[in-house]
Each structure stands twice: as C-alpha cells, then as structure tokens.
Amino acid sequence: MTPARATVTLTVNGVARTLDVEPRETLLDVLRERLDLTGAKRACDRGECGACAVLVDGRPINACHVLALQVRGREVVTIEALAGRPEFQPILAAFIHHDAGQCGFCTPGFALAAHALLQRHPAASDALIRWELVGHICRCNAYDGLAAAVAAARDARKPS
Amino acid sequence: MTAPADVSALSVVGTPVARRELAEKVTGRTRYTADLHRPGMLHGRVLRSPHPHARIVRVDASAALRLPGVHAVLTPEDAPQQPIDRDLRALEPLVRFAGEEVALVAAESEAQAEDALRAIEVVYEPLPAVLDPEAALAPGAPEVHPGGNLVGGKPLVVQRGDVAAGFAQAARIFEGTFRTQAHAPVAMETRAALAEWEGDRLTLWKTSRAVHASDRPLLARGLGIPAERIRVICTAMGGGFGNKDETRLGVLTALLARKAGRPVRVEYSRREEVLGGRNRQATVNRLRIGVRVDGTPVAIEQRSVMDAGAYISSGINVNRRTGQGALYLYTCPNARYEGHAVYTNRPAGGSFRGLGAPLGHFAVEVLADEIAAALGIDPLDYRLRHHVTAAGQPGTRVTAPDALLPDEPVEGGVPFSSNALRACLLVGAERIGWHRRRPDGAEPGERVRGLGVAMGTYKGGAGREAEAELHIAESGRVALHLGLTDVGQGSATVLAQIAAEALTLPAERIETVMADTARTPPGHVTAGSTTTFSTGEAVRRAALAAAEQLRRRAAEMLGVAAARLEAGRLISEDGRRSLALEEVAAGLGAELVTRWRWNAGSSTHIVNSFAAHFAEVEVDRRNGHIRVLRYVAAQDSGRIVNPRLAAGQVSGAVLQFLGIALREELFLDPRSGVTLNPSFLEHKSTAIVDFPAVEVLFLGEPDPVGPYGAKALGEPPVVPVFAAIANAVANAAGVRLHEVPFTPQRVLAALKAQGRLVP
C-alpha cells in the first residue's frame, strides 16, 4: 500500500513553493514539518483552539483544518512573516506592554488573529475584540492581558 | 519577625519588567519541544489500550513493520521491567486504564506511524475493571495493583488536639459531603519528547518541569544507564500548571530511538494528552465542624476519598493538600484530616494547580457559610472573627526545630511568617461592595444576584532544596544558571529581577540559562508555587556573594580600603573614583561563578500565602445558568516582585478555575471505561468571552523569610474560587451547591431539591 501523492504549488510568506505531499497532509503539517515554520502550533489538530492560525489570502484560518491540497495557488502568510510587517509592530508592542501571553504557546495565533481583526474592524469595540477572538483558547487564561493588548493596538493604529 | 534591612529601597524588584522572551513567543520564534527537528529524525506514535483492565496476551507487529517508512516497533517485550516510579513500568503486558500505552511505532512521517499502529495486532484478555473508588475499597473488588486498592495500604492521617473531645464541647455540629469531579489540565502544548542517542549517551528534549529532579533519574532507572550519560533539555514549556510529567513518555521515546537507531520525536495528540497525561482526581470530602454557641470552631474533621486512577504519580501530595483548608484556615484547637487515595481503572491522576487545596477548601468554605447562615452571622464577619491569624493555631509546638520543613506541622504554637488574611477580607469586601449584600435568597424573580466570599491558604516553597549559580564573565556578561523550568509562569523574568536587584543592574543585563542538565545546577521541580520563594532566595544569595567579590576586587583595583556597588558601578568609599562592573569583571582574571543552595523555609515559622476572594453572580432560576458579574481576588503573596506578571498570573488563575468551577469535567462511559470527552470542545475550557476581567489586589506585607519579602503566588489564587462562586450562588438563589462543577444541571437539581425553582 503506497499512499497516493500530489503536487501542490502555493506561496508561503512571499516565496513560491512546489511540494510533493500526501493528500491527507494538512497545511499545518506542511508548514511545520516540511518548511520548518513552527510559529503555528499544533494544540488540538481539529480546529478547536486557534493555536495554528495563519493567513490565507489575507484571512485567518486554522491551518490544521485545511488540507494542503485545498490551498493550491493561494497565498499563505504565517506569523514569522507577519512579525516583520510595519502594521504588526503596534500589536507586538501592545502584547508585551500588557503581558498578553504567559507560556506563549497560543500567543502567535492570538497575535495573528488580532492583526486580522484590526484589519477588518479598525475601530472594534472592546466587546467585539473579545468576540472576534473567541475561537482561540489560552489555558494560562491570559485573556485580560490579551483583551487589553488588542484594545491598545487598536488605539495606537487609529489615525489621529 | 522583623523585615531584613536590605529591602528598604528596591529598584528592580517590585517593578513591572516586561516578560522575558515574550517578543519571541508572540512572533513564533520560541522553539518548544515539538518544534524541534534533528537530522534523520523519525516520528513516533503510541498504540493505546481500548480496555480499562486487560492482560496483553500477544502483540504481533510483523504486518506493521512491513509498511513503508516504518523503522521500529516497541512492545512490552522490549521494555525493561524495573519500575520507573512507585507503581509504574515503562511498558507492561497488563493495562490498567483505557488509553494506556501498549506499543510504539517509529516511522518516517507521523501519518506512516499512524498507519502502522492500525496494523499492529494485539490480543487482549479483558479483566474485571473497577471505576469507582468506593467500589474499589469494597471486599472482593478487582485489584488494580497487587496489595489492594488503598494506596499505601492505609489512609493519610494528620491531626492536632483531640477532635472527639472537641466535638464533645460543641454546641452544634455542622456537616456535609462535598464532591469534586475529575478534569483535564489541558495545557495548550501537549506532552512531547525528542530522543537522540550518540553511542551510549542520550540527549532528550522534553516537555518537563524538572529535568534534574524527575526526568533524568527516571530515565536512568528506566534505561538502566548512569544519569551522567543522560542530558535532558526543556527549551520552552507551553504551560504546565503543576502537570506535564509523571509519565512514561521520556523513557519510551528513548527506548524507541535506541531500537530505531535514529532520533525519534513523539508528540501527544490532544486526545492522548487527556488519556495518557495526568488528570485532576475526583474527590469526595466528608466534613464536620463543631462550634460553640457563638460559632467558634472547636473541632474540624475531614475524611477525603480520592480517585487516584490507575497510577498514583503525585497523588500522595494531592491527598495531603486536600486537608490544608481544614487544618489551617480557621483557628481551632482540634483538627483531623484523613485522606484515602484509591486506585481505580480510570486514567491516572496527577498534580494540577493547587493540588488538593481547592478541593478541600471548597468543603471548608461552603460549610463555614452554612454555619454563619445558621447562626445568623454575616459570612464576612464570621471569617473576620475566626480566620487563622499570624499567631498560627493554638497549642504547643512539638515538632523539633530541624523538622519543621519536612514535617509540615499542623500543631499549635507555630506562627506564620506573615499573614494578611484580615486585610484581604476587609479591602476585598470594600472593593466588591459587600455592604450591598442582601440575605440569602432574598431577591425575587427569575434572574437573581448575590455576593459570596471565600478564603484560602497555601504553603509554597518551604522544604525545597533550591540552588542557583551566577556567572560573571570577564566580558561583563552576567548569566543566571538555574536547573528549573519556566513553565510559562514567568520565573525567568522574576528570578532575573532578583539577581539584578542584588547586583544593582537593570534586569535586561541578566541572561538566564535554564532547564538543561548539562549547563545548570540541580533544580527542583517547578511545582507547589515554589520557585520565587525558594530558588529566588538562592539567586539573591548567589548574586550577593558575587557582589561581595566584585567589591573586594574593585577595592584592590582602586587601591582603597573598600568599595560599594551602586547602579552597576563600583565606587570608592569617598565617592571620588569608580569602575564599571565590566571593568572589575575584566580585572578578575577568570569567570566569576558563585553558587547558593538552601533548604527553603524557616525553622521557626510556617510560610504560607493567603487569599480572600469575592464573587458577584447572577443565577437564572429557570435554567440553572450561573453568570459571573464581578470577581475580586485579594492576595497576600508578600512583596510582589513583578506587579505586571503577578496580576496576569492571578487573573489567569481565577479565570482558569472559574471554568473548572462551572463546566470542566471528564466523563467516562461506565460500561466500557472509555473517556468520552478528551478534547477542547467537549471539555469546555474557559474562553475569552466567558467572564469579566478579574479585579486583582495585592495586600501582603514583605515577608521576613522570602527573598526581598516574596511569598508563593502561582497556586494560591486558585484555592478559594470554587467556594467563592458556590457561596455567591447561595446568596443569590438560596441554594447550597456541594458538587463541582456547578453545571446548569446540578444547579437546577439543587434548586429543585431545595425548593428554590421559579414558582
């Protein structure tokens, strides 16, 4: 029994990649095991916790819940690349100032989701910020720091 | 006790230094165990038993070994049979819970390893299983381990005074049975290990809270090789909460890698983490409190039965701590705790934040409210009258001076080093607006509101052997080498602050090297809220010793009698000449290394942290739903080394336990013994929208024993949470809750049974 294989071409962090994968491999498997991009974490592997969030064509998704085959031709951005963008810097600064992470395992997912939500809702209310992050679990329960950090990043990004 | 003189003016301790390496964590650069790769590395997967109790007759891996990519299969026949823990072997031809390890596969990819697991044929001979601790204690019950199901053959008994005499003096006796259910720790990072052999030497990267104190000795036993040939490293931990080891994972990964002849990484799935990790044990606590006419406690007696699951791991400590509330919290001359840890064929229990303390405190603090209500006393007033004070318990000390630390005495006559419980009660009450509290169940209507209070006490750190090593290189580089793990609570940040304070440097100047047996001195397990108190003092002493040597060398270099260290400069007595620390370090001629080791604690005082928590809830009497409206956590953890990190730790602790109080529970199918909800979705951890922001108050005075006055912080804030909510529900809806979690079903049942449903 030899599993079938397939070729997938996609863009990861601005670099075009052609990969020979098994059809059952998820985007998360490919990022972590083939491309050594380990900022997206595997904590549940079934779309329940948000620790593996990445951007696909600018939208946040759980990379564990998508097969590599499903993102053919798409543009994937992981936290490693997002971290270098100018618009991410207020988020990073706010996360540190408000101590929005303890063990840090869920933190890249939250930070990526924070970026995506502020792109979509630059003036999100404090309540909306919490609701937009509801798909992410933090077992340290650093939620008060997380909510404060995203609100601070929103305020810092507002055009004055 | 009086505070030591050196805490008068602090510049780094007490300031909100940013969490160490948080930028790396946020941006995904931190490498946790499962993020590591080694050349030629294979992926390991574990085959787990579907039966709660069975003999393994035969394991046939021949078909699995023929599959593409498969390099090795490890079965019980391959595993050494010497115990690696008091009741645990690496693999046995017997399984004691559904989900237990049976065999492992190493393959080129995880998917190939998964395929191979399905191709392994195992013949089981199912045995009768026992899933309930009371049934396990009955005569003729199936034995989980030889020698009976009561762990250790007898219950743990801890007492002071004479409870029978105390109850004889009591005007009234109150009693109740309180239950807490099993739940999963679910740190975000699952357990993982990566083993690599070079000849007969092993390097193991692993999720660990004690590379020195538990992993290395356990590996040496399990592999039958000297500890010196084993290096254990934990690069970063994705949450611990007192959990995350106590398993076979390290030994099995090492055995599999040896058999495969290649490095192997094993990473648990979420389901495996719940089944094969170590969960919080269910307990049943029968509590009796005898009081005088005015409510003064004269006797407290608690009997606890804990479902230890199939292996005890750290359940002995959990059992001991379940009595902590009954033994310490209220001033009472007569107290007795009897704890039974019982084996069953459930997934193994272990340690989780607070050990047994929140479970026992739940019983004590709910029954205290029932006493106050029966006597017509406000529950806050009742606590203000009877909480234990700095003097400790009444009576005479019998424990010898050198035995105070290991013995954890409960007798009278041993004072606390500090105790701000009263301030926590008073200031917390003011913050929540306790004056608004109405009589229990007074509010009419469908959705009713109420206020509740509960206290907690927790011993953290005393009795731990702690060690720290400080390196000052000739380049001026300052590095703190510590054997313990920062599991995510922020110990690297806090310990660097303590070193920085002693060396008058900014915290950023201190590098931290941790959790690597090859590069660090021995370190204790990161457990029991130990680190800041015990290792913190070792860090302070090591840093002060280094400062002393720098001062001496500086005096020589400056040609003066003495020099002082100030803001990173060494200054002559007259203040005229000075050298930078780097210049003096360069003048030392070699790297300066100072070490300090101590057995943390005091021979005259018990060092405990305290807390008083206040909750405001709304109870929907139609559906049993509890909504938390406000939560105030007033903590006495002595001086707070880092207020920013500490506030997050307390807030996180409370939110974590609010979820456990209201929802988290592991369900086992009573016929098959199979765990039904090993996932985030079905185990229902707290999410960001569930509770309001926690209001955190720090009210401790600097403690005379702890480093710069610090006491334990990680676990104390979880201790009162269950009872604070239960008491607020009682105030709102007039019903007493005796079983955690307070699910809508249980609240509805209580409303119905106690006649408090909406008419």
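Residues numbered from 1 in each chain as written. Chains lettered and ligands numbered in written order. Predicted model: local features only at pLDDT ≥ 70, side-chain atom pairs only at ≥ 80, totals over all residues. Heavy atoms only, no water.

Another point: the overall build of chain A. A tally of regular secondary structure across chain A gives six helices and five strands. Ordering the α and β elements of chain A from the N terminus gives β-β-α-β-β-β-α-α-α-α-α. Long-range contacts, defined as pairs at least 24 residues apart, comprise 55% of the intrachain contacts of chain A with a sequence gap of at least 6. As displayed, chain A has an accessible area near 6,300 Å², and 53% of this comes from carbon and sulfur atoms. Positive and negative charge centroids in chain A, built from 18 and 17 side chains respectively, lie 2 Å apart. (Helix = DSSP H or I, 4+ residues; strand = E, 2+ residues; numbered from the N terminus. Contact = heavy atoms within 4.5 Å. Areas by Shrake-Rupley, 256 points an atom, 1.4 Å probe, with all protein chains shown as cover. Lys, Arg positive; Asp, Glu negative; His and termini not counted. Charge placed at Lys NZ, Arg CZ, Asp CG, Glu CD.)

This part takes up the pattern of salt bridges. Within the structure shown, the criterion is met by 77 salt bridges over all chains. Measuring nitrogen to oxygen at the nearest pair gives 2.6 Å for the salt bridge that ties Glu-48 of chain A to Arg-46 of chain A. Owing to a relative accessible area of 9%, Glu-48 of chain A belongs among the buried residues under this scheme. With relative accessibility at 40%, the residue Arg-46 of chain A sits in the partly exposed group. A salt bridge links Glu-566 of chain B to Arg-564 of chain B; its shortest N-O distance comes to 2.8 Å. Connected through salt bridges with shared partners, the residues Asp-29, Glu-33, Arg-42 and Asp-45 of chain A together with Glu-110, Arg-265 and Glu-267 of chain B form a single ionic network. (Salt bridge = Lys/Arg side-chain N within 4 Å of Asp/Glu carboxyl O. Buried < 20%, exposed > 50% of the residue type's maximum accessible area, 1.4 Å probe, protein only.)

Of the residues lining the interface, 48 residues belong to chain A; the matching set on chain B comes to 63 residues. Taken over both partners, the interface formed by chain A and chain B buries close to 4,400 Å², and the fraction arising from carbon and sulfur atoms is 56%. At the junction of chain A and chain B, the tally comes to 10 salt bridges. The salt bridge partner of Arg-139 of chain A is Glu-664 of chain B, with a shortest N-O separation of 2.6 Å. On the surface where chain A and chain B come into contact, there are 33 residue pairs in polar contact (both at pLDDT 80 or more). Listed by contribution, the elements that provide at least two residues to the side of chain A that touches chain B are helix 1 (27-34), helix 2 (79-82), helix 3 (89-97), helix 4 (107-120), helix 5 (126-132) and helix 6 (143-157) of chain A. Per-class residue counts for the side of chain A that touches chain B are 25 nonpolar, nine polar and 14 charged. (Buried area = accessible area lost by both parts, 1.4 Å probe. Polar contact = N/O pair within 3.5 Å; in protein donor to acceptor, adjacent residues only side chain to side chain. Nonpolar A, V, L, I, M, F, W, Y, C, P; charged D, E, K, R; others polar.)

With that settled, the discussion passes to the environment of Arg-280 of chain B. All names here are of chain B. Looking at the secondary structure, you find Arg-280 in the loop between helix 8 (270-276) and strand 15 (283-291). On the accessibility criterion, Arg-280 (2% relative accessible area) is buried. Along the sequence, Arg-280 and Asn-319 sit 39 residues apart, while their C-alpha atoms lie 11 Å from each other. With near-sequence residues (within four places) excluded, Arg-280 lies in contact with Gln-181, Ala-182, His-183, Phe-352, Arg-353, Gly-354, Leu-355, Pro-358, Leu-359 and Phe-657.

With that settled, consider the domain arrangement of chain A. Residues and elements named next belong to chain A. Examined at the domain level, chain A breaks down into domain 1 (6-78) and domain 2 (83-157). Summarising the inter-unit geometry, the C-alpha centres of domain 1 and domain 2 are found 22 Å apart. Across the contact, 14 residues belong to domain 1 and 10 residues belong to domain 2. Its largest share of buried area at the contact with domain 2, domain 1 owes to Lys-41, Cys-49 and Leu-55, together 36% of the area lost on that side. Seen at the junction of domain 1 and domain 2, the total is two residue pairs in polar contact (both at pLDDT 80 or more). (Domains from an automatic or database assignment.)

The subject of this paragraph is the sheet that holds strand 2 (residues 54-60) of chain B. All names here are of chain B. Here three strands make up an open sheet; going across it, the order is 6-2-8 and the pairing antiparallel. Each edge of the sheet is formed by a strand with only one pairing partner; in this case those strands are strand 6 (94-95) and strand 8 (121-126). Sheet topology note: the strand 2/strand 8 ladder contains six bridges and is antiparallel. Directly across from Ile-56, in strand 8, lies its bridge partner Tyr-124. (Pairing = 2+ DSSP bridges.)

All names here are of chain A. Between the first and last C-alpha of helix 4 there are 20 Å, a value that for 14 residues agrees with the 20 Å anticipated at 1.5 Å per step. With respect to burial, helix 4 is a largely interior element, 12 of its 14 residues being buried. Considered for burial, the residues of helix 4 that qualify are Thr-107, Pro-108, Gly-109, Phe-110, Ala-111, Leu-112, Ala-113, Ala-114, His-115, Ala-116, Leu-117 and Leu-118. (Expected span 1.5 Å × (residues − 1).)

Once that is clear, we can look at the packing of helix 11 (residues 357-375) of chain B against helix 12 (residues 379-386) of chain B. Residue and element names in this part refer to chain B. Contact pair helix 11 / helix 12: the axes reach a minimum separation of 9 Å and the direction vectors enclose 110°. Relative to helix 12, the element helix 11 is oriented roughly perpendicular. Listed contacts from helix 12 to Glu-365, Ala-368, Asp-369, Ile-371 and Ala-372 of helix 11 are Pro-379, Tyr-382 and Arg-383. In the contact of helix 11 with helix 12, the residues fall into five nonpolar, no polar and three charged. (Axes fitted to C-alpha atoms, helices over the stretch in contact; angles between N-to-C directions. Parallel < 35°, antiparallel > 145°, perpendicular 65-115°, else oblique.)

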